[in-house]
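Observations on chain architecture
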Amino acid sequence: MVLILSLQTQHSPSPQLSEICITPWTKKLSFPPVLLLQAVHTALPRFAERGEHDVWVQQDANECWTEIIRMLQQKLPAQEQVKYNSVIDQYFGGKLAVEWKNNESSEEPPTSTIENFLQLSCFIATETRYIQAGLMNKLEEIVTKNSATLDRNAEYTKKARIDRLPAYLTIQMVRFFYKQQGVNAKILKDVKFPLVFDAFDLCTTRLQQRLEPMRKKFKELDDAEAEGKTKVPAKKDKKESEKEVKKNTIPYWFQDDVGSNNSGLYELQAVLTHKGRSSSSGHYVSWIKHSEDLWLKCDDDNVSAVTDEDILKLSGGGDWHCAYVLLYGPKILKLPEGETIDPVYSETPLESEQTLSTAD
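Residues numbered from 1 in each chain as written. Predicted model: local features only at pLDDT ≥ 70, side-chain atom pairs only at ≥ 80, totals over all residues. Heavy atoms only, no water.

Right, let's get into the overall build of the protein chain. Each helix and strand counted, the protein chain has seven helices and 18 strands in total. Burial status across the protein chain gives 39% buried among its 360 residues. Pairs at least 24 residues apart make up 66% of the contacts formed inside the protein chain by residues separated by at least 6 positions. Working note: accessible area of the protein chain is about 21100 Å², and carbon and sulfur atoms make up 52% of it. (Helix = DSSP H or I, 4+ residues; strand = E, 2+ residues; numbered from the N terminus. Buried < 20%, exposed > 50% of the residue type's maximum accessible area, 1.4 Å probe, protein only. Contact = heavy atoms within 4.5 Å. Areas by Shrake-Rupley, 256 points an atom, 1.4 Å probe, with all protein chains shown as cover.)

On inspection of all chains with the given rule, the structure shows five aromatic pairs. Ring geometry for Phe92 versus Tyr168: centroids 5.6 Å apart, planes at 25°, classification stacked. One end of the pair, Phe92, is in helix α3 (residues 87–92); the other, Tyr168, is in the loop between β7 (152–164) and β8 (169–174), and 76 residues separate them in sequence. Tyr168 sits in the partly exposed class, given a relative accessible area of 29%. Ring centres of Phe176 and Tyr324 lie 5.1 Å apart, and the angle between their planes is 80°; this geometry places the pair in the edge-to-face category. Separated by 148 residues along the polypeptide, Phe176 in strand β9 (residues 176–178) and Tyr324 in strand β17 (residues 322–330) bring together distant segments of the chain. Pair check on accessibility: Phe176 and Tyr324 agree, each one buried. Among the aromatic side chains, those forming a connected cluster through ring pairs are Phe176, Tyr284 and Tyr324. One Lys or Arg, Lys145, reaches over the ring of Trp100 and ends 5.0 Å from the middle of that ring. Its end group placed over the ring of Tyr156, Lys145 keeps NZ or CZ at 4.4 Å from the ring centre. (Phe/Tyr/Trp six-rings, centres within 6.5 Å; stacked < 30°, edge-to-face > 60°. Lys NZ or Arg CZ within 6 Å of the ring centre and 35° of its normal.)

What follows covers the pairing of β8. In terms of burial, β8 is largely enclosed, as six of its six residues are buried. Where burial is concerned, the two faces of β8 agree: the one with Leu169, Ile171 and Met173 and the one with Thr170, Gln172 and Val174 are both buried. Bridge analysis of strand β5 (residues 120–123) against β8 gives four bridges, and the strand direction is parallel. Bridging across to β8, Cys122 finds its partner in Met173. As judged from the four bridges shared by β8 and β17, these two strands associate in the antiparallel manner. (Pairing = 2+ DSSP bridges.)

Next up on the list: unusual backbone geometry. Of note in this structure, Asp293 is not a glycine but carries a positive phi near 55°. Inspection of the secondary structure assignment puts Asp293 in the loop between β14 (283–291) and β15 (294–299). We classify Asp293 as partly exposed; its relative accessible area is 39%. One non-glycine residue, Asp300, lies in the positive phi region at around 55°. The topology assignment puts Asp300 in the loop between β15 and β16 (302–306).

This brings us to the confidence of the model for the protein chain. With 81% of its residues at a pLDDT of at least 70, the protein chain reaches an overall mean of 83. Averaged over each element, pLDDT in the protein chain is lowest for strand β1 (residues 3–8) (38) and highest for strand β11 (residues 196–198) (98). Here residues 1–19 is modelled with pLDDT under 50, and outside its nearest four sequence neighbours on either side it reaches 43 contacts, counting other chains as well. For the stretch residues 21–26, pLDDT sits under 50, and the model shows eleven contacts to residues farther than four places along the chain or on other chains. (pLDDT = per-residue confidence, 0-100.)

Across five bridges, β14 lies against β15 in antiparallel orientation. Looking at β15, one finds that Ser286 is bridged to Cys298. What sits between β14 and β15 in their antiparallel hairpin is a turn of two residues, with Asp293 showing a positive phi close to 55°. When β15 meets β16, the two strands line up antiparallel, connected through five bridges. Within β16, the residue paired with Lys297 across the bridge is Ser304.

To continue, consider the nonpolar core. One finds Ile171, Phe197 and Leu326 to be the most contacted residues of the largest nonpolar core, which totals 48 residues. In terms of nonpolar packing, the next biggest core, distinct from the first, is built from twelve residues, Val87, Ile88, Tyr91 and Phe92 among them. (Core = buried A, V, L, I, M, F, W, Y, C linked by side-chain atoms within 4.5 Å.)

As structure tokens, this is what we get:
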């Protein structure tokens, strides 16, 4: 499939249309990257700013990604417009079930809300060593907001859990912050991230129950594969080998929610790294998964092959490339030909007035 998007800018008397064409690897169609760059600059002029010597000013890559996603969100209609307005909401958007508890008033009952997200943030504290812990730090925090009961600002405990997982999960490693006197600094701490990410512990109890059938099937296949590796393989003829290659791909979404994730399991698809000491300087590089244990390191116009081991070294800890944005895609369940699994359905999303049940 070729996806053609028209980006329309409002900064011109006659609206200008730029086409961004995204083509899959399997089609082997070439696409000049400069056209994408020109389209972004036309639609988002602030990313076309030039500084000294007429050189483009360094921009924050995550801000650029966010703006592009928002523009796609406005321009791309959803496949299921009854539930979603945009294909971005459908495949990249998740929902958080949030519980608010007033820490300064025992008379005020806890309240519940639903929040949408297109990206999760991994906050890096002194004790943060793994991405899961950094994500949990953001999902459980103390915030100050107005209290209707006290008629003033009060301290609340905000506890959130994911109640809808998107097919594609974007995670930002929050590495940049401002010190005193407006100095932009970077957190170089080593925070490990996995090639296969499990979001189960971040989800509501309700969603966890819906994820169980697919997770059980994945575990059965993993156990069978592990058992098979311990046995001496028997010799098989060519026809038997060809027959084993054929697999039945199971949908990764809930039957009534195309674009969701029905297992909570993800595989890393791309990494955006930053090398340097601040967001206003340094160098960005993208690392894109091509196939099993083969990644493409895209360093400007220099493209080279790297392995899974190289990707795992991007966790930080020094002046080497540090992971800044991670893009995970759904882990695909493939069963032997002829074998299938009963469709898994998602229940009606929790409404804001309901009492939300969150996992511990």
